[in-house]
Amino acid sequence: MADVLTQDDRPIVASEDVKRVGVIGAGQMGCGIAQVLAQAGYEVRLSDVDQEHLDSGLAKIRKNLERAVERGKLSSGDKDAALKRISTGLDYTIFEDCEIVIEAATENEEIKRQIFKTLVPHLKPEAIVATNTSSISITRLASVTDRPGRFMGMHFMNPVPVMKLVELIRGIATEEPTFQVVRDMTMRLNKTPAVAEDFPAFIVNRILLPMINEAVYTLYEGVGSVSSIDTAMRLGANHPMGPLELADFIGLDTCLAVMHVLYDGLADSKYRPCPLLVKYVEAGWVGRKAGRGFYDYSGDEPVPTR
Ligand SMILES: CC(=O)CC(=O)SCCNC(=O)CCNC(=O)[C@H](O)C(C)(C)COP(=O)(O)OP(=O)(O)OC[C@H]1O[C@@H](n2cnc3c(N)ncnc32)[C@H](O)[C@@H]1OP(=O)(O)O
Ligand SMILES: NC(=O)C1=CN([C@@H]2O[C@H](COP(=O)(O)OP(=O)(O)OC[C@H]3O[C@@H](n4cnc5c(N)ncnc54)[C@H](OP(=O)(O)O)[C@@H]3O)[C@@H](O)[C@H]2O)C=CC1
């Protein structure tokens, strides 16, 4: 532990002392984050509310690493070592020895607030808490913890092992040493940080999600079909995925949650979630992870639903 005192007079962990990192939520993001942490040499503690999610998450990480070995990007020994560094558990006692815990559970403020309240009594006093939220106020989330100075946003992009960016967001109370430690960790993960202020949806999603929402309006108003909209944006704007394909990839529940945060937080009607997006989420058609969104994923190839 470094001998650095900050506003709340407790020593804060130093970058070189960060060895054990917790991840809360074994969904697509939590598993991706756990994978890149383990590959970078951190001991990872991964938790979720559901043992099945932990089992399927670990299987997904194993598959990703095996694919990297097959493609000659990773040695078999490094794959085994990375897998060995990940342990799992259903309760927060697994985080007692962690220097940093990254929350990557469902994009729902109430769920996240509950997680942080339950989590902090289990942490070392000097531990840092980060959230991978796509949109929610870092300052508000920090305020439910006993350590707003040791709290910040660390927003990875999906798929985590491939995407180079991590948005770093300070809340109003985030202390500089916290920021430095999280930035150093971002670099060790071989990612590029971009600093964003604590405004609804930060930078990437402030720009990307209204574009996706507009694509859903374009579908809703019959301007184009699912495949024509996606083809238009892939070939016409050189996007690697069409906006509806990307929405399914992100999760329509997450897309809708981000639009709500933009609409509520910025009080501007241009962020109104498209009613068709709302309907798909209400139907449980939340994208790839549910087997159905703007595409149906039950067959060999995704089939457009409209
Ligand atoms: C919502 C938020 O809060 C913020 C966000 O994340 S917004 C979403 C941001 N992400 C994007 O915009 C992604 C857009 N899509 C893409 O960039 C690309 O389609 C893609 C990288 C996902 C796939 O690329 P592709 O060229 O079509 O596919 P493919 O050739 O199969 O894969 C390229 C590499 O990515 C890897 N990859 C693809 N999907 C992956 C996944 N889900 N997990 C891990 N690795 C993956 C592949 O293994 C492959 O690796 P190698 O080069 O080492 O072999
Ligand atoms: N999807 C994306 O492209 C991106 C998402 N993010 C953010 O990352 C976070 C996670 O998103 P993503 O991985 O896509 O979502 P997923 O739906 O894939 O995963 C969320 C996981 O969290 C679990 N969970 C729910 N409540 C709790 C809890 N109290 N404690 C622990 N785990 C819990 C869920 O379980 P169950 O399903 O049983 O509820 C699920 O396994 C969100 O904040 C999202 O905004 C950030 C960048 C990109």
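Cut-offs applied
- Residues numbered from 1 in each chain as written.
- Chains lettered and ligands numbered in written order.
- Predicted model: local features only at pLDDT ≥ 70, side-chain atom pairs only at ≥ 80, totals over all residues.
- Heavy atoms only, no water.
- UniProt positions renumbered as here; feature names shortened; annotations may be inferred.
- Helix = DSSP H or I, 4+ residues; strand = E, 2+ residues; numbered from the N terminus.
- Rg over C-alpha atoms; globule rule 2.2 N^0.38 Å.
- Buried < 20%, exposed > 50% of the residue type's maximum accessible area, 1.4 Å probe, protein only.
- Contact = heavy atoms within 4.5 Å.
- Areas by Shrake-Rupley, 256 points an atom, 1.4 Å probe, with all protein chains shown as cover.
- Lys, Arg positive; Asp, Glu negative; His and termini not counted.
- Charge placed at Lys NZ, Arg CZ, Asp CG, Glu CD.
- Near = heavy atom within 4 Å.
- Polar contact = N/O pair within 3.5 Å; in protein donor to acceptor, adjacent residues only side chain to side chain.
- Nonpolar A, V, L, I, M, F, W, Y, C, P; charged D, E, K, R; others polar.
- Phe/Tyr/Trp six-rings, centres within 6.5 Å; stacked < 30°, edge-to-face > 60°.
- Lys NZ or Arg CZ within 6 Å of the ring centre and 35° of its normal.

- In the annotation of an unreviewed UniProt entry, the protein chain is listed under the name 3-hydroxybutyryl-CoA dehydrogenase and assigned to Ferruginivarius sediminum.
- Comment text from UniProt for the protein chain, heading Sequence similarities (unreviewed entry), reads "Belongs to the 3-hydroxyacyl-CoA dehydrogenase family."

1. Things to note about the overall build of the protein chain
Link 1 in the chain: Within the protein chain, the secondary structure is distributed over 11 helices and 10 strands.
Link 2 in the chain: Scaling as 2.2 N^0.38, a compact globule of 306 residues should have a C-alpha radius of gyration of about 19 Å, and the protein chain matches this with 20 Å.
Link 3 in the chain: Judged by the C-alpha coordinates and their principal axes, the protein chain covers about 60 × 50 × 35 Å.
Link 4 in the chain: Relative to its 306 residues, the protein chain shows a buried fraction of 47%.
Link 5 in the chain: Expressed as a percentage of contacts within the protein chain between residues at least 6 apart in sequence, the contacts between residues at least 24 apart total 66%.
Link 6 in the chain: Carbon together with sulfur atoms contributes 52% to the accessible area of the protein chain, which is approximately 14,100 Å² in total.
Link 7 in the chain: Across the protein chain, the 34 positively charged side chains and the 42 negatively charged ones have centroids separated by 3 Å.

2. A short note on the site of ligand 1
Link 1 in the chain: Lining the immediate surroundings of ligand 1 are 18 residues, of which Arg71, Ser134, His155, Asn158 and Asn205 lie closest.
Link 2 in the chain: At 2.7 Å, a side-chain N or O of His155 approaches an oxygen atom of ligand 1.
Link 3 in the chain: In this structure, Asn158 approaches ligand 1 through a main-chain N or O atom, which is 2.7 Å from a nitrogen atom.
Link 4 in the chain: Burial of ligand 1 by the surrounding chains reaches 65%, relative to a free accessible area of 1,000 Å².
Link 5 in the chain: Counting only elements with at least two residues in the shell around ligand 1, the list comes to α2 (51–70), α7 (204–220) and α9 (243–250).
Link 6 in the chain: Among the residues forming the shell around ligand 1, the class breakdown is 10 nonpolar, five polar and three charged.

3. Section: the packing of aromatic side chains
Link 1 in the chain: Using the criterion set out here, one finds six aromatic pairs in the structure.
Link 2 in the chain: Between Tyr217 and Tyr220, the aromatic rings sit 6.3 Å apart at their centres with planes inclined by 65 degrees, giving edge-to-face as the arrangement. Of the two residues, Tyr217 and Tyr220 both sit in helix α7, three residues apart, roughly one turn of that helix.
Link 3 in the chain: Under the relative-accessibility criterion, Tyr217 is labelled buried at 12%.
Link 4 in the chain: Within the aromatic cluster, the residues linked to one another by ring pairs are Tyr280, Trp285 and Phe294.
Link 5 in the chain: Lying over the aromatic face of Phe179, Arg170 brings its terminal NZ or CZ to 3.7 Å of the ring centre.
Link 6 in the chain: A cation over a ring is seen here: Arg292 above Trp285, with NZ or CZ 3.9 Å from the ring centre.

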